[in-house]
Amino acid sequence: MRHRITYGRLLLGRNMPSALQKKVQPTGPLAEIVGSKKLTRGEITKKLWAHIKKNELQGSLEDGDTCKYGGKTYKGGQVIFCETDEMYDLCGKDKIAMTELTAIANKYMK
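Residues numbered from 1 in each chain as written. Predicted model: local features only at pLDDT ≥ 70, side-chain atom pairs only at ≥ 80, totals over all residues. Heavy atoms only, no water.

Trainee: Go over the nonpolar core, please, and point to the residues and values.
Mentor: One finds Leu 30, Ile 44, Leu 48, Met 87 and Leu 90 to be the most contacted residues of the largest nonpolar core, which totals 19 residues. Discounting chain neighbours no more than four positions away, the residues touching Leu 30 are Gly 35, Ile 44, Leu 48, Leu 90, Ala 105, Tyr 108 and Met 109. Grouped together as the second largest cluster of nonpolar side chains are five residues, Cys 67, Tyr 74, Val 79 and Phe 81 included. (Core = buried A, V, L, I, M, F, W, Y, C linked by side-chain atoms within 4.5 Å. Buried < 20%, exposed > 50% of the residue type's maximum accessible area, 1.4 Å probe, protein only. Contact = heavy atoms within 4.5 Å.)

See below:
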């Protein structure tokens, strides 16, 4: 198997961290949910989803939940309800599409 040599490997002789592995500082409403210490983007995403699952904020197909974002309609489990105070402060809406979650969280990462 051949390995692709990236610019970072060429200069430093080691692997460069991906965007998910870089530590970032959560701020504002995001810090209320995931904590204020530096975390990787992957860890932040895991903690956000843990909050969503714990508070049962994900929609379901049986209820016919829908949400529009980016010209598409998202249905069922692709819909996240912002019923907790922390999620409403983070999103500013009653419900969002799951693809919108990353874009919203990125606003509160330094």
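Once the structure has been displayed, the description carries forward.
Trainee: Tell me about the pairing of strand S4 (residues 72-75), and please be specific about residues and values.
Mentor: As judged from the four bridges shared by strand S3 (residues 66-69) and S4, these two strands associate in the antiparallel manner. From the neighbouring strand, Tyr 69 faces S4, where its bridge partner is Lys 72. (Pairing = 2+ DSSP bridges. Helix = DSSP H or I, 4+ residues; strand = E, 2+ residues; numbered from the N terminus.)

Trainee: Would you mind going over the environment of Ile 44 in detail, with residue names and values included?
Mentor: Tracing the backbone shows Ile 44 in helix H3 (residues 41-54). Ile 44 sits in the buried class, given a relative accessible area of 0%. Note: C-alpha distance between Ile 44 and Val 34 (ten residues apart in sequence) is 6.4 Å. Once you skip the residues sitting within four places of it in the chain, Ile 44 turns out to touch Val 24, Pro 26, Leu 30, Val 34, Leu 39 and Met 109.

Trainee: Pulling in residues and values, what's your account of the pattern of salt bridges?
Mentor: Oppositely charged side chains can form a pair if their charged atoms are brought close together. Under the counting rule described, the total for this entry stands at one salt bridge. The residue Glu 100 makes a salt bridge to Lys 93 at a minimum N-O spacing of 2.5 Å. By relative accessible area, Lys 93 is classed as partly exposed at 35%. (Salt bridge = Lys/Arg side-chain N within 4 Å of Asp/Glu carboxyl O.)

Trainee: Which residues make up the environment of Thr 102, and what are the values?
Mentor: One can find Thr 102 in helix H5 (residues 98-106). Given a relative accessible area of 48%, Thr 102 falls into the partly exposed group. Considering only alpha carbons, one finds Thr 102 and Leu 48, 54 residues apart in sequence, at a separation of 9.7 Å.

Trainee: Please give an account of the environment of Cys 67 that cites residues and values.
Mentor: Looking at the secondary structure, you find Cys 67 in strand S3. Given a relative accessible area of 7%, Cys 67 falls into the buried group. Spatially, the C-alpha atom of Cys 67 lies 6.4 Å from that of Ile 96, the residues being 29 residues apart in sequence. When near neighbours in sequence (up to four residues on either side) are disregarded, Cys 67 contacts Lys 72, Thr 73, Tyr 74, Val 79, Lys 95, Ile 96 and Ala 97.

Trainee: A description of unusual backbone geometry should follow, citing residues and the corresponding values.
Mentor: Positive phi outside glycine occurs at Glu 56, with the angle close to 50°. Considering the arrangement of structural elements, one finds Glu 56 in the loop between H3 and S3. Residue class for Glu 56 comes out exposed when judged on its relative accessible area of 68%.

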